[in-house]
Amino acid sequence: MMILPAIDLIGGRCVRLSQGDYEQKKQYDASPLEMVEAYVRHGLRRIHVVDLDGAKASRPANLDTLRQIAAVEGAEIEWGGGIKSADALNQVFDAGARYAVVGSVAARQPELFEEWLQEFGAERMVLGADVKGGRVSVNGWREEVDLTIDQLIDRFLPLGLNQVICTEISRDGMLQGPATELYVRLQKKYPTIDITVSGGISSRADIDQLRQLGLRKVIVGKAIYEGRIKLEELC
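What counts and what doesn't
Residues numbered from 1 in each chain as written. Predicted model: local features only at pLDDT ≥ 70, side-chain atom pairs only at ≥ 80, totals over all residues. Heavy atoms only, no water. Axes fitted to C-alpha atoms, helices over the stretch in contact; angles between N-to-C directions. Helix = DSSP H or I, 4+ residues; strand = E, 2+ residues; numbered from the N terminus. Parallel < 35°, antiparallel > 145°, perpendicular 65-115°, else oblique. Left-handed = near helix turned anticlockwise from the far one by under 90°. Contact = heavy atoms within 4.5 Å. Nonpolar A, V, L, I, M, F, W, Y, C, P; charged D, E, K, R; others polar. Salt bridge = Lys/Arg side-chain N within 4 Å of Asp/Glu carboxyl O. Buried < 20%, exposed > 50% of the residue type's maximum accessible area, 1.4 Å probe, protein only. Phe/Tyr/Trp six-rings, centres within 6.5 Å; stacked < 30°, edge-to-face > 60°. Lys NZ or Arg CZ within 6 Å of the ring centre and 35° of its normal.

(A) Spotlight on the packing of helix α1 (residues 32–41) against helix α3 (residues 63–70). Two numbers describe how α1 lies on α3: the axes approach to 9 Å, and their chain directions differ by 30°. Taken together, α1 and α3 sit at an angle that is classed as roughly parallel. Judged by the twist between their axes, the crossing of α1 over α3 is right-handed. Residues Pro32, Leu33 and Val36 of α1 form the contact with α3, whose own contacting residues are Thr65, Gln68 and Ile69. Classifying every residue of the contact of α1 with α3 gives four nonpolar, two polar and no charged.

Structure, rendered in structure tokens:
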């Protein structure tokens, strides 16, 4: 199983939200650069970074921070938030991101995401499917669209899609365990896709259970910042 440590950014600083609510924000002292350096030292090379300012503004807003952390030797930055146009996507890649996570465009402008899959390849383009109550949410989780996650994945499966990050919004930042049944169902239904678990990881035991159930990737965020999981446990 691949473990991806998470960094959420507001104003260039590390924060964590609860259930995607910008009003429930907690800022941490460590800088994004310090966190990336620590992750890489512990062998955690692929790092999931969310530009929360960008998600709110519908354009990348922390590109200077991206350039700084992408320059860390050995780091592979997976970047999401505010990628709503070809210009935005190119800005993110030019600033050093290895992978781009796209959610709102995939749900609202599927033809554009199809173009990006074909241009940049499924190895760099990641579908971000954030769900609440069984429905997909977009624009920083503030709007719900009339799509299930299965319908969203099915749209791009014929184009070689092989990476999906699914965040169960009700679990995100709550440290109450992941929505395990959802992820097991999706991974069994879509064996050619790496389903990344996102939201709710509270302990090493959560990760071990997901591995035993056949999940391949998991994002860990708040549990690291709150000291619930030590980096040494993730090596």
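(B) Region of interest: the pattern of salt bridges. Inspection of the entire model under this criterion finds 13 salt bridges. A salt bridge links Glu78 to Arg46; its shortest N-O distance comes to 2.6 Å. Residue Glu78 is located in strand β5 (residues 76–80), and its partner Arg46 is located in strand β4 (residues 46–51); the two are separated by 32 residues in the primary sequence. On the basis of relative accessible area, Glu78 is assigned to the buried category, the value being 1%. Ionic pairing is found between Arg135 and Asp146, a salt bridge with its closest N-O pair at 3.1 Å. Highlighted residues: Arg135 in strand β8 (residues 135–138) and Asp146 in the loop between β9 (143–144) and α7 (149–156), separated in sequence by eleven residues. Taking relative accessible area as the criterion, Arg135 reaches 29% and is therefore assigned partly exposed. Accessibility expressed as a relative area gives 67% for Asp146, which makes it exposed. Each member of the salt-bridge network shares a partner with another, and the members are Arg45, Glu76 and Arg98.

(C) Geometry of the packing of aromatic side chains. Across all of its chains, the model carries two aromatic pairs by this definition. When the ring of Phe93 is compared with that of Phe120, the centres are 5.1 Å apart and the planes differ by 50°; the resulting orientation is tilted. Here Phe93 is found in helix α4 (residues 86–94), whereas its partner Phe120 is found in helix α6 (residues 110–120), with 27 residues between them in sequence. Across the pair, exposure class does not vary: Phe93 and Phe120 are buried alike. In this structure, Arg46 packs its charged tip against the face of Tyr99, placed 3.6 Å from the ring centre. If you follow Arg124 out to its NZ or CZ, it ends over the ring of Phe93, 3.9 Å from the centre.

(D) Examining the packing of α7 against helix α8 (residues 180–189) more closely. At a minimum axis distance of 12 Å, the contact between α7 and α8 shows a crossing angle of 25°. Comparing their axes, α8 and α7 come out roughly parallel. Seen from above, α7 lies across α8 with right-handed handedness. Listed contacts from α8 to Ile149, Asp150 and Ile153 of α7 are Arg185, Leu186 and Lys189.

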